[in-house]
Amino acid sequence: MDEKIKSRYLGDIQYFSAKLEKDRNSMLFLPLASAYLKLGQYDDAVKTLTMGLDANPDVAMAKTMLAQAYIALGRTEEAKGLLTEMRVLDTANYLAEKLLGDIYRNEKDIRKAVISYKNAYNTAPEDRELKNLIEQLISEAGLESDDLYDDRPMDSGDEEML
């Protein structure tokens, strides 16, 4: 990372940390956590996002960012839980679907990965790189279009999230 950019993120951390000291319920935890994520300070991002979500539990972006930090820390199951919750609460969350697709792909569950990637692509059809990845995975796995329906039934856990 360029030193100028790194310096900017460090400045953001100082600025937003000071603001949050004055108002723990502020939404300024989001840019602070973003700076931590950009600098690879994932434990600090988790702490900040957890604190922010305690005060603001309905902030979808915070949950998606927390999942990103969990993934970076190797806490995949926790990330998957958050992203699955986001899938139920916000069907147009591109990043949540893409991250979930990445998790499934790493787990070698190509069918679920493609479904998540397609959900993301439907939200942002301008993402040509994602479209190419979907086509590549379908081809490599020999999947048919009938294999790609998101047919998962809502279970009791999903109903509780609603």
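Residues numbered from 1 in each chain as written. Predicted model: local features only at pLDDT ≥ 70, side-chain atom pairs only at ≥ 80, totals over all residues. Heavy atoms only, no water.

Attention now goes to the overall build of the protein. Tallying secondary structure elements over the protein gives nine helices and zero strands in all. Seen in sequence order, the protein has helices and strands lined up from the N terminus as α-α-α-α-α-α-α-α-α. Expressed as a percentage of contacts within the protein between residues at least 6 apart in sequence, the contacts between residues at least 24 apart total 49%. Carbon and sulfur atoms make up 48% of the accessible area of the protein, which totals about 9,500 Å². (Helix = DSSP H or I, 4+ residues; strand = E, 2+ residues; numbered from the N terminus. Contact = heavy atoms within 4.5 Å. Areas by Shrake-Rupley, 256 points an atom, 1.4 Å probe, with all protein chains shown as cover.)

What follows deals with the nonpolar core. L49, A62, L66, L83, Y117 and L130 are the most contacted members of the largest nonpolar core, which has 42 residues in total. When residues of this core are traced back to their parent elements, those giving at least two are α1 (3–22), α2 (29–38), α3 (42–55), α4 (60–72), α5 (76–89), α6 (94–106), α7 (110–123) and α8 (128–141). No other element matches α2, which puts seven residues into this core. (Core = buried A, V, L, I, M, F, W, Y, C linked by side-chain atoms within 4.5 Å. Buried < 20%, exposed > 50% of the residue type's maximum accessible area, 1.4 Å probe, protein only.)

Glancing now at α4. The terminal C-alpha atoms of α4, which comprises 13 residues, lie 19 Å apart, in line with the 18 Å expected from a rise of 1.5 Å per residue. Taken together, the buried positions of α4 are A62, K63, T64, M65, L66, A67, A69 and Y70. Turning to α4, the residues buried within the fold contact α2, α3, α5 and α6. Following α4 by one or two positions, G74 has its phi on the positive side, about 80 degrees. (Expected span 1.5 Å × (residues − 1).)

To continue, consider the packing of α5 against α6. In contact at an axis separation of 9 Å, α5 and α6 are set at 140 degrees when each is read in the N-to-C sense. Classed by the angle they form, the pair α5 and α6 counts as oblique. Pair α5 / α6 crosses with left-handed handedness. Residues T76, A79, K80, L83, T84, M86 and R87 of α5 lie in contact with α6, whose contacting residues are A96, E97, L99, L100, I103 and Y104. (Axes fitted to C-alpha atoms, helices over the stretch in contact; angles between N-to-C directions. Parallel < 35°, antiparallel > 145°, perpendicular 65-115°, else oblique. Left-handed = near helix turned anticlockwise from the far one by under 90°.)

Where charged atoms from two side chains of opposite charge approach closely, those side chains can pair. This structure, assessed with the given rule, holds eight salt bridges. Between D109 and K112 there is a salt bridge; the shortest N-O distance is 4.0 Å. Each of E77, K80 and E107 takes part in salt bridges that share partners, so that together they form one network. (Salt bridge = Lys/Arg side-chain N within 4 Å of Asp/Glu carboxyl O.)

Spatial relationships are all this shows, so hold off on functional conclusions.
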